Amino acid sequence: MPIYALGEYEPEIHPFAFVHPDAVVIGQVRIGPEASVWPCAVLRGDHGQIEIGSRTSIQDGTVIHCTHDWPTTIGTECVVGHNAHLEGCAVADRCLIGSGSVTLNRATVGAGAIVAASCLVPEGFEVPPGALVAGVPARIKKTGVPASWVNGAVKTYVESARTYRNGLRRLDR
């Protein structure tokens, strides 16, 4: 897997995390225990810090970046869907960030919130805890989202990461 230091900054990947061999991790990136980073995801901590919490899944094709002023933090037990883009934002614990969504600088996603697929969370937008947001730009569609909406996805990807860590074999070499 391509893991790169950039100058003095080296990624910190917990030994029980799973980073797929086709993901790219660069610079100031910290990945917690039982987190997973899937194929073609790019975590580029070249202008600041990226932090991925424990038991959080970063799906295929996702791009996570940051700025000098705005780190990107993703809490524990989150699922970030395929082809999402997160930049300079803060995502609290137990959130689901939908496939193809974009969450930009200074945006915050409260604990237990859901960002729908293809949603645009603009700069500085605050998603309240337990809310569902959707649309371009994001609008609150529901509050009081049940935790069960995230539980199954978190469990699935923690188990998948264990399976991949122990059983993934490349056959074309």
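In the block above lies the structure referred to throughout.
In this text, all values refer to a predicted model and were calculated from it rather than measured experimentally. (Residues numbered from 1 in each chain as written. Predicted model: local features only at pLDDT ≥ 70, side-chain atom pairs only at ≥ 80, totals over all residues. Heavy atoms only, no water.)

Visitor: Just give me the short version of the nonpolar core, but keep the residues and values in it.
Guide: Within the largest apolar cluster, 34 residues are counted, with the highest numbers of intra-cluster contacts made by I31, L43, I52, I58, I74 and V91. Among the secondary structure elements, those contributing two or more residues to this core are strand 4 (24-31) and strand 6 (42-52). With residues up to four places along the chain from it excluded, the contact list for I74 reads E51, I52, G53, T56, I58, I64, V80, L86 and V91. A116, L132, A134 and V145 belong to the second largest nonpolar core, which has five residues in total. (Core = buried A, V, L, I, M, F, W, Y, C linked by side-chain atoms within 4.5 Å. Buried < 20%, exposed > 50% of the residue type's maximum accessible area, 1.4 Å probe, protein only. Helix = DSSP H or I, 4+ residues; strand = E, 2+ residues; numbered from the N terminus. Contact = heavy atoms within 4.5 Å.)

Visitor: Residues and numbers for the pairing of strand 6, please.
Guide: Relative to strand 6, strand 4 is paired through seven bridges, and the arrangement is parallel. Counted as the bridge partner of V24 is V42 from strand 6. Two strands pair when backbone bridges link them, and strand 6 and strand 8 (residues 63-65) are joined in this way by two bridges, in the parallel orientation. Along strand 8, the bridge assignment pairs L43 with I64. Here strand 6 pairs with strand 9 (residues 72-74) via three bridges, running parallel. Bridging from a neighbouring strand, I52 pairs with I74 of strand 9. (Pairing = 2+ DSSP bridges.)

Visitor: Which residues make up the sheet that holds strand 3 (residues 18-19), and what values do they have?
Guide: Working definition: the strands of a sheet are paired by backbone hydrogen bonds and lie parallel or antiparallel to each other. A sheet is described by the order of its strands in space; here eight strands give the open sequence 3-5-7-10-13-16-19-20, paired in mixed fashion. Each end of this open sheet is capped by a strand with a single partner; those strands are strand 3 and strand 20 (139-142). The pairing of strand 5 (residues 36-37) with strand 7 (residues 57-58) spans two bridges and is parallel. When the sheet's bridge partners are listed, V37 is paired in strand 7 with I58.

Visitor: Residues and numbers for unusual backbone geometry, please.
Guide: Where the residue is not glycine, phi is negative for most of them; where a peptide bond is considered, it is trans in most cases. Going from V136 to P137, the amide bond is cis rather than trans, its omega being 0 degrees. Turning to its location among the elements, P137 is positioned in the loop between strand 19 (132-134) and strand 20. Positive phi values are uncommon outside glycine, yet R55 reaches one of about 60 degrees. Mapping R55 onto the fold places it in the loop between strand 6 and strand 7. With a relative accessible area of 26%, R55 lands in the partly exposed category. Backbone geometry at R106 places phi at a positive 70 degrees, although glycine is not the residue there.

Visitor: Report on the environment of G53, specifying residues and quantitative values.
Guide: As for its position among the elements, G53 is in the loop between strand 6 and strand 7. Spatially, the C-alpha atoms of G53 and H14 are 10 Å apart, while their sequence positions differ by 39 residues.

Visitor: So, the pattern of salt bridges: which residues are in play, and what are the values?
Guide: Overall, the coordinates contain nine salt bridges when judged by the stated rule. The residue R30 makes a salt bridge to E12 at a minimum N-O spacing of 3.6 Å. On the criterion of sequence distance, the pair formed by R30 in strand 4 and E12 in strand 2 (residues 12-13) is long-range, its members being 18 residues apart. Given the relative accessible area of 47%, E12 is considered partly exposed. In this structure, the salt-bridge partner of E34 is R55, at a minimum N-O distance of 3.5 Å. Of this pair, E34 sits in the loop between strand 4 and strand 5 while R55 is found in the loop between strand 6 and strand 7, placing the two residues 21 residues apart along the sequence. On the basis of relative accessible area, E34 is assigned to the partly exposed category, the value being 23%. Look at the salt bridges and you will find they share partners, linking E34, R55, E77, R94 and R162 into a network. (Salt bridge = Lys/Arg side-chain N within 4 Å of Asp/Glu carboxyl O.)

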